[in-house]
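A look at the structure
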Amino acid sequence: MEPVHLRFETLHGDRLRAWLPRLAGLRIAVFREWPYLYEGEAGYEETYLAAYADSPGAAVIAALDGDRTVGCATCQPMAEATPRVRDAFAARGMDPARWCYFGESVLLPDYRGRGAGVRFFEMREAHARGLGLEAAAFCAVTRNDNDPRRPAGYVPLDAFWRKRGYARRADISVVFDWREVGDDRATLHALGFWAKDPL
């Protein structure tokens, strides 16, 4: 594997808006893979990402190989996140105001295993601490191990997340809907949370 020297940019507000088309395309490409199997649409993706530009405490970390955007990771104060996420924590007696919510981390396949994922966590955690937030959490889709669509040799990211200090919170979950590749309508998907408290 040849070394790749990636550059990382932290995007906010209006600067982030200028990047929306390329970040939208990246999300569509990566989330189309297992385990999300997400059939994305550019217009929806740009609208979704624009919410981070509107969120005062949000940041999007972009990874670049030269001028090519090859990955991105999002974060925002949980108090500014979608109500579904806030409510999942509040229902467990956990104050969303303490938490930073990491929305997603996507990276093109050729760039995986080269340190970008670690850098995404480091930069988002630094951003959270800079906002005075005490803890961080993210969610990941729940799939059955025997799902016939699961690729042979697929290795889940659980060990990587644990190494970063995150623990699975089986008591906290959220449901989102999206259209899977090959489907003609959106279906519900359960996502489970991982948390690091304190940062």
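Predicted model only: the values in this text are computed from it and were never measured. (Residues numbered from 1 in each chain as written. Predicted model: local features only at pLDDT ≥ 70, side-chain atom pairs only at ≥ 80, totals over all residues. Heavy atoms only, no water.)

1. Comments concerning the overall build of the protein
Threshold: Counting from the N terminus, the helices are DSSP H or I runs at least four residues long and the strands are E runs at least two residues long. With C-alpha atoms as the basis for the radius of gyration, the globule rule is written as 2.2 Å multiplied by the number of residues raised to the power 0.38. The cut-offs for exposure are 20% and 50% of the maximum accessible area for each residue type, with area from a 1.4 Å probe on protein chains only; residues under the lower value are buried, those over the upper are exposed, and the others partly exposed. Throughout, a contact is declared for two residues whenever any of their heavy atoms are within 4.5 Å. We treat Lys and Arg as the positive residues and Asp and Glu as the negative residues; His and chain ends play no part in the count. Note on charges: their place is set at NZ of Lys, CZ of Arg, CG of Asp or CD of Glu.
A tally of regular secondary structure across the protein gives 6 helices and 8 strands. In the protein, the succession of helices and strands from N to C terminus is β-α-α-α-β-β-α-β-β-α-β-α-β-β. Here the protein has a C-alpha radius of gyration of 16 Å; the compact-globule value for 199 residues is 16 Å, and the two agree. With respect to the principal axes defined by its C-alpha atoms, the protein has extents near 40 × 40 × 35 Å. Counting across all 199 residues of the protein, residues that qualify as buried make up 45%. In the protein, 72% of the contacts between residues at least 6 apart in sequence involve partners at least 24 apart. Averaged over its 27 positive side-chain charges, the protein has a centre that lies 4 Å from the centre of its 28 negative ones.

2. What about the packing of aromatic side chains?
Filter applied, for reference: Only Phe, Tyr and Trp rings are paired, with Trp represented by its six-membered ring, and only when their centres lie within 6.5 Å; those with planes under 30 degrees apart are stacked, over 60 edge-to-face, the remainder tilted. The rule is short: NZ of Lys or CZ of Arg within 6 Å of the ring centre and within 35 degrees of the ring normal puts a charge over the ring.
Enumeration according to the criterion identifies 19 aromatic pairs in this entry. On the basis of an interplanar angle of 90° and a centroid distance of 6.4 Å, the ring pair of Phe-31 and Tyr-38 is categorised as edge-to-face. According to the relative accessible area criterion, Phe-31 is buried, its value standing at 11%. Relative accessible area serves as the criterion here: at 10%, Tyr-38 is assigned to the buried category. Between Phe-138 and Trp-161, the ring centres sit 4.9 Å apart and the planes meet at 65°, which makes this aromatic pair edge-to-face. Placement of the pair is Phe-138 in strand β6 (residues 135–141) and Trp-161 in helix α6 (residues 158–163), with a sequence separation of 23 residues. Like Trp-161, Phe-138 is buried. Counting every residue linked through ring pairs, the aromatic cluster contains Phe-102, Phe-121, Phe-138, Phe-160, Trp-161, Tyr-166 and Trp-194. Here the guanidinium or amino end of Arg-124 rests over the ring plane of Phe-121, the centre of that ring lying 4.9 Å away.

3. Structural notes on the nonpolar core
Test applied: The nonpolar core is taken to be a set of buried Ala, Val, Leu, Ile, Met, Phe, Trp, Tyr and Cys residues, with the residues joined through side-chain atoms within 4.5 Å.
With 62 residues, the main nonpolar core has Leu-16, Leu-23, Tyr-36, Phe-89, Trp-99, Phe-102 and Phe-193 as its most contacted residues. Contact partners of Tyr-36, with chain neighbours within four places excluded, come to Phe-31, Cys-139, Ala-140, Val-141, Arg-143, Trp-178, Glu-180 and Leu-191.

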